[in-house]
Amino acid sequence: MIDDAGARRPSQEPRQPLSVPACLGLGVAILALASSVELAMGRKIWGVAGQPGIWAGDVNSPHNSQYLTDPYSFSHLTHGILLYGLTWLLARRSPVRNRALIAMLLEAGWEMIENSSMVIDRYRTATISQHYYGDSVMNSMCDILTCMVGFAIAAILPTRVTILAVFVLEIGLALWIRDGLLLNIVMLIHPFAAIRAWQSAN
């Protein structure tokens, strides 16, 4: 390109990706920050019961959001896919590794906000999660990592496939647990009695 003075300016080159060790180090730092903040807010390593576990399949059980994974883990795959699209729109010149760290930081930020007393109280009053006391720290960290799996899926697969995956995940969760990312957002922002009644019948 040539500026107004007639001098040639170098063309904009894509930004250089961070090295793999740098990405891993920053990823660990993000997890450490999020876990430390959640512990400071009163969240427990393994939740209110202190019982470790890998999978809690019943969203109405006291182990939901306390074990490593649960049905809501699938919604975090959607988080990752959507964050891939968002970072592509806002920072498409940045390498995928760099955008992955941005996505991870955003997801960690959401996890910290979600586990604040204000949002926990909102969940308990506005949604069907009346017995929700926040995620365990281990569940929250797995949510962040699951988000990154979704980000990787979006980076690898064609756009049409990932868009289809979002619809499949949302419809599948709605049929399975009568909840999902979209329903969760709707009920947090503006609860509908009809939706809550339908969800409560699960």
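Residues numbered from 1 in each chain as written. Predicted model: local features only at pLDDT ≥ 70, side-chain atom pairs only at ≥ 80, totals over all residues. Heavy atoms only, no water.

Any chance you could explain the overall build of the chain here in plain terms?
The number of helices and strands found in the chain is eight helices and zero strands. Traced from its N-terminal end to its C-terminal end, the chain shows the element sequence α-α-α-α-α-α-α-α. With respect to the three principal axes, the spread of C-alpha positions in the chain is 70 × 35 × 30 Å. When contacts within the chain are restricted to residue pairs at least 6 apart in sequence, long-range pairs at least 24 apart make up 66% of them. If you sum the accessible surface of the chain, you get close to 11,500 Å²; carbon and sulfur atoms cover 69% of it. Averaging the positions of the 14 positive and the 14 negative side-chain charges in the chain gives two centres separated by 6 Å. (Helix = DSSP H or I, 4+ residues; strand = E, 2+ residues; numbered from the N terminus. Contact = heavy atoms within 4.5 Å. Areas by Shrake-Rupley, 256 points an atom, 1.4 Å probe, with all protein chains shown as cover. Lys, Arg positive; Asp, Glu negative; His and termini not counted. Charge placed at Lys NZ, Arg CZ, Asp CG, Glu CD.)

Which parts of the structure should I look at to understand the packing of helix α1 (residues 20-40) against helix α5 (residues 137-156)?
How two helices pack is summed up by the angle between their axes together with the distance between the axes. At a minimum axis separation of 10 Å, α1 and α5 run at an interaxial angle of 150°. By the angle class used here, α1 and α5 are roughly antiparallel. In terms of crossing hand, the pair formed by α1 and α5 is right-handed. Contact with α1, carried on its side by Leu31, Ala34, Ser35, Glu38 and Leu39, involves Val137, Ser140, Met141, Ile144 and Leu145 of α5 and no other residues of that element. Split by residue class, the contact of α1 with α5 holds seven nonpolar, two polar and one charged. (Axes fitted to C-alpha atoms, helices over the stretch in contact; angles between N-to-C directions. Parallel < 35°, antiparallel > 145°, perpendicular 65-115°, else oblique. Left-handed = near helix turned anticlockwise from the far one by under 90°. Nonpolar A, V, L, I, M, F, W, Y, C, P; charged D, E, K, R; others polar.)

Is there a simple way to explain helix α6 (residues 159-177) in this structure?
Note that an α-helix has 3.6 residues per turn; residues three or four places apart therefore point the same way. Taking 1.5 Å per residue, 19 residues should reach 27 Å; α6 reaches 27 Å between its end C-alpha atoms and fits that length. For α6, every residue scored as buried is listed here: Thr162, Val166, Leu169, Glu170, Leu173, Ala174 and Ile177. Mapping the buried residues of α6 onto a view down its axis gives an arc of 125°, with all of them on the same face. Summarising the geometry of α6, the exposed residues directed more than 90 degrees from the buried face are Arg160, Leu164, Phe167, Val168, Ile171 and Leu175. In this fold, the buried residues of α6 make contact with α2 (73-91), α5, α7 (181-189) and α8 (193-200). Of the residues trailing α6, Arg178 is marked for its positive phi of about 55°. (Expected span 1.5 Å × (residues − 1). Buried < 20%, exposed > 50% of the residue type's maximum accessible area, 1.4 Å probe, protein only. Arc of directions from axis to C-beta.)

Explain the side chain of Thr78 to me, please; I cannot follow it from the model alone.
Relative to the elements of secondary structure, Thr78 occurs in helix α2. Residue Thr78 is classed as buried on the basis of its relative accessible area, which comes to 1%. Apart from residues no more than four positions distant in its own chain, Thr78 is found in contact with Val166, Leu169, Glu170 and Leu181.

What should I look at first to understand the nonpolar core in this one?
Ranked by size, the top nonpolar core spans 21 residues in total, and within it Ala34, Met104, Met141, Ile144, Met148 and Phe151 carry the most contacts. Ranked by residue count, the leading element in this core is α5, at seven residues. If sequence neighbours within four positions are ignored, Ile144 has contacts with Leu31, Ala34, Met104, Glu107, Ala108 and Glu111. Membership of the second largest hydrophobic core comes to five residues, among which are Val119, Ile120, Tyr132 and Leu188. (Core = buried A, V, L, I, M, F, W, Y, C linked by side-chain atoms within 4.5 Å.)

Would you take a moment to explain the packing of aromatic side chains for this structure?
By convention here, two paired aromatic rings are described through the distance between centres and the angle between planes. For the structure shown, the criterion picks out four aromatic pairs. Summarising the aromatic geometry, the rings of Tyr84 and Phe151 are spaced 5.1 Å apart at their centres and angled 70° between planes, so their arrangement reads as edge-to-face. Note that Tyr84 is positioned in helix α2 and Phe151 in helix α5, a separation of 67 residues in sequence. Its relative accessible area of 17% is what places Tyr84 among the buried residues. What makes Phe151 buried here is its relative accessible area of 3%. Between the aromatic rings of Tyr123 and Tyr132, the centroid separation amounts to 5.2 Å while the plane-to-plane angle is 70°, which identifies the pairing as edge-to-face. Each member of the pair, Tyr123 together with Tyr132, is buried. When the ring centre of Trp88 is taken as reference, the NZ or CZ atom of Arg92 above it lies at 4.0 Å. (Phe/Tyr/Trp six-rings, centres within 6.5 Å; stacked < 30°, edge-to-face > 60°. Lys NZ or Arg CZ within 6 Å of the ring centre and 35° of its normal.)

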